[in-house]
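One-letter residues, chain by chain:
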Amino acid sequence: MFEHKNLDGQWNKTIPATDSFVNGEVLECRDTVGEEPAKISRKQYAVIGDLLVERCLPPESIGDTWAHDVGQLPWWGAVTNPPHAGMIADFNSLNGGLQRRNLDVAHHVVGYAAAGEEITLLKTVYSVTRASDGKELSAPSMLELRKLYYA
């Protein structure tokens, strides 16, 4: 269990992971911009394999999905440059995340879809193989890929 002096249960807290492919728990943070926490969007961090990932959720008063989104929860996106100090760096290290990513151009993982499928980027094309039916999907943007995934 992650413990840190900045975890206050309101602005910064850990929550149980709902995805089986996430290592341990999820760190949820809010920017302190003068409003009450329930009205501020949330940034979640997790570790999948050895990769620190993040996603942005709407305020709790709205729910877990954005009104404009075609799917369910936002997908996890890889953190390109994981921090080397602070609460997020400590969370990353505790859950097995690397501080430095090794770039594999032939298999560059940039995120994870709803069922934990790897989203890869090769040149300018994002790809995912949907776990539910094994269908390989490709698109020029993550937004288009997400639309295909949920179609």
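See the structure above.
Residues numbered from 1 in each chain as written. Predicted model: local features only at pLDDT ≥ 70, side-chain atom pairs only at ≥ 80, totals over all residues. Heavy atoms only, no water.

Asks: Is there a simple way to explain the overall build of the protein in this structure?
Replies: Regarding its fold elements, the protein presents two helices and nine strands. Traced from its N-terminal end to its C-terminal end, the protein shows the element sequence β-β-β-β-β-α-β-β-β-β-α. For the protein, whose C-alpha radius of gyration is 16 Å, the value lies close to the compact-globule estimate of 15 Å for 151 residues. In terms of overall dimensions, the protein has C-alpha extents of about 45 × 35 × 25 Å along its principal axes. Going through the 151 residues of the protein one by one, you find that 42% of them count as buried. Look at the contacts in the protein between residues 6 or more apart in sequence, and 39% of them connect residues 24 or more apart. Looking at the protein as shown, the accessible area adds up to about 8,500 Å², and 51% of this sits on carbon and sulfur atoms. Positive and negative side-chain charges in the protein, numbering 14 and 20 respectively, have mean positions lying 4 Å apart. (Helix = DSSP H or I, 4+ residues; strand = E, 2+ residues; numbered from the N terminus. Rg over C-alpha atoms; globule rule 2.2 N^0.38 Å. Buried < 20%, exposed > 50% of the residue type's maximum accessible area, 1.4 Å probe, protein only. Contact = heavy atoms within 4.5 Å. Areas by Shrake-Rupley, 256 points an atom, 1.4 Å probe, with all protein chains shown as cover. Lys, Arg positive; Asp, Glu negative; His and termini not counted. Charge placed at Lys NZ, Arg CZ, Asp CG, Glu CD.)

Asks: Honestly, a nonpolar patch on the surface in this entry has me stumped. Any pointers?
Replies: Among the surface-exposed residues, L103, V105 and L122 lie close enough to one another that they form a single nonpolar patch of about 320 Å² accessible area. If you trace the backbone, L122 turns up in strand 7 (residues 118-122). According to the relative accessible area criterion, L122 is partly exposed, its value standing at 47%. (Patch = residues over 30% accessible without salt bridge, like charges linked within 9 Å, V, L, I, M, F, W, Y side chains within 5 Å. Salt bridge = Lys/Arg side-chain N within 4 Å of Asp/Glu carboxyl O.)

Asks: What should I look at first to understand the side chain of H4 in this one?
Replies: For H4, the position within the fold is in the segment before strand 1 (12-16). Not counting the four nearest positions on each side in its chain, H4 is found in contact with G86, M87 and D90.

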